[in-house]
Amino acid sequence: MKRTKINDIFAPELIGQKVLVKGWVRTRRGNKNVQFVALNDGSTVRNIQIVFDLGKFSEDDLKAVTTGSSLAVEGTLVESMGKGQTCEIQAESFELYGTADPATYPLQKKGHTMEFLREKAHLRPRTATFGAILRIRSSLAFAIHKFFNEKGFFYLHTPLITGSDCEGAGAMFQVTTLPLNNIPKTETGEIDYSKDFFGKPAALTVSGQLEGELGATALGAIYTFGPTFRAERSFTPRHLSEFWMIEPEMAFYDINDNMDLAEEFVKFCIQYVLDHCRDDIEFLAEHFDKELIPRLEFVLHNDFVRLTYTEGIDILKASGNKFEVPVEWGIDLQSEHERFLVEKHFKKPVILTDYPKDIKAFYMKQNDDGKTVRAMDVLFPTIGEIIGGSEREADYNKLLARIEELHIPMKDMWWYLDTRRFGTVPHSGFGLGFERLMLFVTGMANIRDVIPFPRTPNNADF
Ligand code: 4AD
Ligand code: MG
């Protein structure tokens, strides 16, 4: 007999039919006449109730059917009397695949804290909460590919190992095969990278953008979607050492086109999960965040406010609010400032533009004022920065001057400058942090809970 996934079992035409389901036991309860098992197979947040008639099965048969054990059950699908259930399976036979000793199974009880589950990251996908999160994550990834594919963008695979530092922050993980206990040195006492695997220093990428620009200035519009690595010692609920970033890059887009795309893109993603992950979103809303669905709908139905950094600073100053980091023109905005603008002042997502050039990366298009660059950050309620991007400096001489001013080694940048030397065009792009968007759509409070296996300082176990 062919197995039916639990997600497909709630179809009215299956009532009265014989079915075979396979999954893991969430709970077992009952009395001396009948036992009820809630079975889940990961295909949906919903469990199917299996009814074991103790006229047919003995207590002994069911002894090993405990929380966490795995089963195949054959039986008849019938309409259910129990409230909240549409149907259940009257068991006729079952096979126990594997036991889960109640004395040692870590997820024996319900209602664990998120902190506890982080310690059990190898098993937490089996919980209802993480099942919901991981299914939403999968759908959201699919939505992203769908959005760009339908717009005629090409998916470009940029390298994970790179010789250049895109964001200039220096927080990179080095990649080397040099023996750490016996590092080869040159005559002048420096590390001899000619002996290293790539013959030069290499690191894990902090962004695919620079290579993305090579693609955009050839294919017109590309996007990347891949792992990104940052070796910052950040312990905030919004930072990971390994996260996923989506980076579209478009020839012939100015900053306004860029903002329009960013807004359309995140709205598409939010609408997609509301349409395709309704059960999971409702589950998370019910258990963690009653405001989740109204908040998602609010973002969908409102235009994002667009203003300059300078205007933003004026608003923060005039607010009279006391911030931990005092507000003055030139500061790198902290999450407290971003969230004040979004949650208290405008009560809407905000796109902030034209930041001081000193706090932004070298590649951003310089404004005529000599002080600001054509940056755009999208700021979201509860999250703060969800997207960072800009129009790019397309002028060879201006870009070169900025690279020299910041002492970025030319040996790392000649290939990037060639895009401006040969057939340069106005172009723009941005980066969306996939897990930041996941935080927003799931209502979770900590970024470690929206990625299957979080990497943070001191944590790379499994
Ligand atoms: O603002 P960032 O650093 O921008 C870039 O890397 C550009 N090269 C993007 C581009 O223009 N193509 O990062 C972009 C986004 C942030 O807005 C944030 O959502 C996310 O990536 N992000 C992180 N997410 C999780 N953990 C971290 N440590 C993150 N750092 C950035
Ligand atoms: Mg940024």
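In case you missed it, the structure is sitting above this.
Residues numbered from 1 in each chain as written. Chains lettered and ligands numbered in written order. Predicted model: local features only at pLDDT ≥ 70, side-chain atom pairs only at ≥ 80, totals over all residues. Heavy atoms only, no water.

Looking at the overall build of the protein chain
Move 1: Across its full length, the protein chain holds 11 helices and 16 strands.
Move 2: Dimensions of the protein chain, computed from the C-alpha atoms along their principal axes, are close to 85 × 55 × 45 Å.
Move 3: Within the protein chain, the proportion of its 462 residues that are buried is 50%.
Move 4: Taking the intrachain contacts of the protein chain between residues at least 6 apart in sequence as the baseline, contacts between residues at least 24 apart amount to 66%.
Move 5: Accessible surface, the protein chain as shown: approximately 22,200 Å² in total, 51% of it carbon and sulfur.
Move 6: If the 54 positive side-chain charges of the protein chain are averaged to one point and the 66 negative ones to another, these points end up 5 Å apart. (Helix = DSSP H or I, 4+ residues; strand = E, 2+ residues; numbered from the N terminus. Buried < 20%, exposed > 50% of the residue type's maximum accessible area, 1.4 Å probe, protein only. Contact = heavy atoms within 4.5 Å. Areas by Shrake-Rupley, 256 points an atom, 1.4 Å probe, with all protein chains shown as cover. Lys, Arg positive; Asp, Glu negative; His and termini not counted. Charge placed at Lys NZ, Arg CZ, Asp CG, Glu CD.)

So, the sheet that holds strand 3 (residues 48–53)
Move 1: Strand order in this closed barrel of five strands is 1-2-3-5-4, and the pairing throughout is mixed. Sheet twist, expressed as the mean angle between neighbouring strand axes with direction ignored, is 55 degrees.
Move 2: Two strands pair when backbone bridges link them, and strand 2 (residues 34–40) and strand 3 are joined in this way by six bridges, in the antiparallel orientation. If you follow Ala-38 over to strand 3, its bridge partner there is Gln-49. (Pairing = 2+ DSSP bridges. Axes fitted to C-alpha atoms, helices over the stretch in contact; angles between N-to-C directions.)

Focus on the packing of aromatic side chains
Move 1: Evaluation of the coordinates by the stated rule reveals 24 aromatic pairs.
Move 2: Arranged with centres 5.1 Å apart and planes meeting at 15 degrees, the rings of Tyr-155 and Tyr-223 form a pair that is stacked. Here Tyr-155 is found in strand 6 (residues 154–155), whereas its partner Tyr-223 is found in strand 10 (residues 221–229), with 68 residues between them in sequence.
Move 3: Residue classification places Tyr-155 among the partly exposed residues on the basis of a relative accessible area of 34%.
Move 4: Taken together through their ring pairs, the aromatic side chains of Phe-142, Phe-147, Phe-148, Phe-153, Tyr-155, Tyr-223, Phe-265, Phe-268, Tyr-272 and Phe-430 make up a single cluster.
Move 5: Positioned above the aromatic ring of Tyr-355 is the side chain of Lys-360, whose terminal nitrogen or guanidinium carbon lies 4.3 Å from the ring centre.
Move 6: Its guanidinium or amino end placed over the ring of Trp-329, Lys-371 lies 5.1 Å from that ring's centre, counting from NZ or CZ. (Phe/Tyr/Trp six-rings, centres within 6.5 Å; stacked < 30°, edge-to-face > 60°. Lys NZ or Arg CZ within 6 Å of the ring centre and 35° of its normal.)

Some details on a nonpolar patch on the surface
Move 1: Judged by side-chain polarity, Leu-160, Ile-161, Phe-197 and Phe-198 come together as a nonpolar surface patch covering roughly 400 Å² of accessible area.
Move 2: Phe-198 gets classed as partly exposed once you look at its relative accessible area, which sits at 43%. (Patch = residues over 30% accessible without salt bridge, like charges linked within 9 Å, V, L, I, M, F, W, Y side chains within 5 Å. Salt bridge = Lys/Arg side-chain N within 4 Å of Asp/Glu carboxyl O.)

Considerations on helix 11 (residues 434–442)
Move 1: Summarising burial for helix 11: nine of the nine residues are buried, a large majority.
Move 2: At the exit of helix 11 stands Gly-443, carrying a positive phi of roughly 75 degrees.

Some words on the side chain of Thr-419
Move 1: Among the structural elements, Thr-419 can be located in helix 10 (residues 410–421).
Move 2: For Thr-419, a relative accessible area of 9% translates into the label buried.
Move 3: When near neighbours in sequence (up to four residues on either side) are disregarded, Thr-419 contacts Leu-214, Thr-217 and Thr-424.

Here we look at the pairing of strand 1 (residues 18–30)
Move 1: Where strand 1 lies against strand 4 (residues 70–79), seven bridges are found, and the strand directions are antiparallel. Within strand 4, the residue paired with Gly-23 across the bridge is Leu-71.
Move 2: Across six bridges, the pairing between strand 1 and strand 2 is antiparallel. Opposite Trp-24, over in strand 2, you have Asn-40 as the bridge partner.

Regarding the site of ligand 1
Move 1: Inspection of the region around ligand 1 gives 24 residues, with Glu-167, Gln-209, Arg-230, Glu-247 and Glu-385 positioned closest.
Move 2: One of the side-chain N or O atoms of Tyr-363 is found 3.5 Å from a nitrogen atom in ligand 1.
Move 3: In the model, a nitrogen atom of ligand 1 is placed 3.4 Å from a nitrogen or oxygen of the Phe-430 main chain.
Move 4: The fraction of the free accessible surface of ligand 1 (630 Å²) that becomes covered by protein chains is 93%.
Move 5: When residues of the shell around ligand 1 are assigned to their parent elements, the largest contribution, five residues, is made by strand 15 (residues 384–391). (Near = heavy atom within 4 Å. Polar contact = N/O pair within 3.5 Å; in protein donor to acceptor, adjacent residues only side chain to side chain.)

Just distances and angles here, no functional claims.
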